[in-house]
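The primary structure of each chain is shown beneath.
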Amino acid sequence: MMHRHVEWDDPGAASVMRHYEKNPIGYSDPGPGDILSARYQGLVVRIRVDAYVDGTSIGEVVALINPASGERRKLAGKLAQGDIVRLPDASRAFEPTGGDEDEGDEDHT
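Quick notes on the rules
Residues numbered from 1 in each chain as written. Predicted model: local features only at pLDDT ≥ 70, side-chain atom pairs only at ≥ 80, totals over all residues. Heavy atoms only, no water. Helix = DSSP H or I, 4+ residues; strand = E, 2+ residues; numbered from the N terminus. Buried < 20%, exposed > 50% of the residue type's maximum accessible area, 1.4 Å probe, protein only. Areas by Shrake-Rupley, 256 points an atom, 1.4 Å probe, with all protein chains shown as cover. pLDDT = per-residue confidence, 0-100. Contact = heavy atoms within 4.5 Å. Core = buried A, V, L, I, M, F, W, Y, C linked by side-chain atoms within 4.5 Å.

1. Notes on the overall build of the protein
1) Next: The helix and strand tally for the protein stands at one helix and seven strands.
2) Next: Sequence-ordered secondary structure for the protein, helices as α and strands as β, is α-β-β-β-β-β-β-β.
3) Next: When burial is assessed residue by residue, the protein has 36% of its 109 residues classed as buried.
4) Next: For the protein, the computed accessible surface area is about 6700 Å², with 49% contributed by carbon and sulfur atoms.

2. Here we look at unusual backbone geometry
1) Next: Unlike most non-glycine residues, Gln41 shows phi in positive territory, near 50 degrees.
2) Next: Unusually for a residue other than glycine, Asp54 sits at a positive phi of about 50 degrees.
3) Next: Assignment of secondary structure puts Asp54 in the loop between strand S2 (43-53) and strand S3 (56-65).
4) Next: By relative accessible area, Asp54 is classed as exposed at 77%.

3. Observations concerning the confidence of the model for the protein
Any region with low pLDDT has predicted coordinates that should not be read closely.
1) Next: Mean pLDDT over the protein works out to 87, with 87% of the residues at or above the 70 mark.
2) Next: In this model, residues 99-109 is a region of pLDDT below 50 whose contacts with residues beyond four sequence positions or in other chains number seven contacts.

4. Some remarks on the nonpolar core
1) Next: Counting 15 residues, the largest nonpolar core has Trp8, Tyr40, Val45, Ile47, Val61, Leu79 and Val85 as the members making the most contacts within it.
2) Next: Broken down by secondary-structure element, the contributors of at least two residues to this core are strand S1 (35-40), S2, S3 and strand S7 (84-88).
3) Next: Considering each element in turn, this core owes the most residues, four residues, to S2.
4) Next: When residues no more than four places from it in sequence are discounted, the contact partners of Ile47 are Trp8, Asp34, Ile35, Leu36, Ala38, Gly59, Glu60, Val61, Val62, Val85 and Leu87.

5. Section: the environment of Gly77
1) Next: By the element assignment, Gly77 lies in the loop between strand S5 (75-76) and strand S6 (79-80).
2) Next: Once the C-alpha coordinates of Gly77 and Gln41 are considered, the two residues, 36 residues apart in sequence, prove to be 7.9 Å apart.
3) Next: Setting aside residues no more than four positions away along its own chain, Gly77 makes contact with Tyr40 and Gln41.

Spelled out as structure tokens, the structure:
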């Protein structure tokens, strides 16, 4: 099965990897059926994991969401709901909570 190549947005302050580097308690590798999030062209992309190999999740895009409005889309650029993609751990992002305007703030206290 072909995977769509995706240039994921840098997760910045919402990086899952960066969070768990500081506090590894609670981190586990994703497994089949898990839903992960990433950022693509400013949207939140949710991926349902089918497989996890060498730090990369492979799965189906199940949602494309505008974080500002909550609007769901079926297509963004070349990425569509239903596409099979590869998501490296370094590109995984936590879901926005509404206060993500500070994403560029690198205060690591």
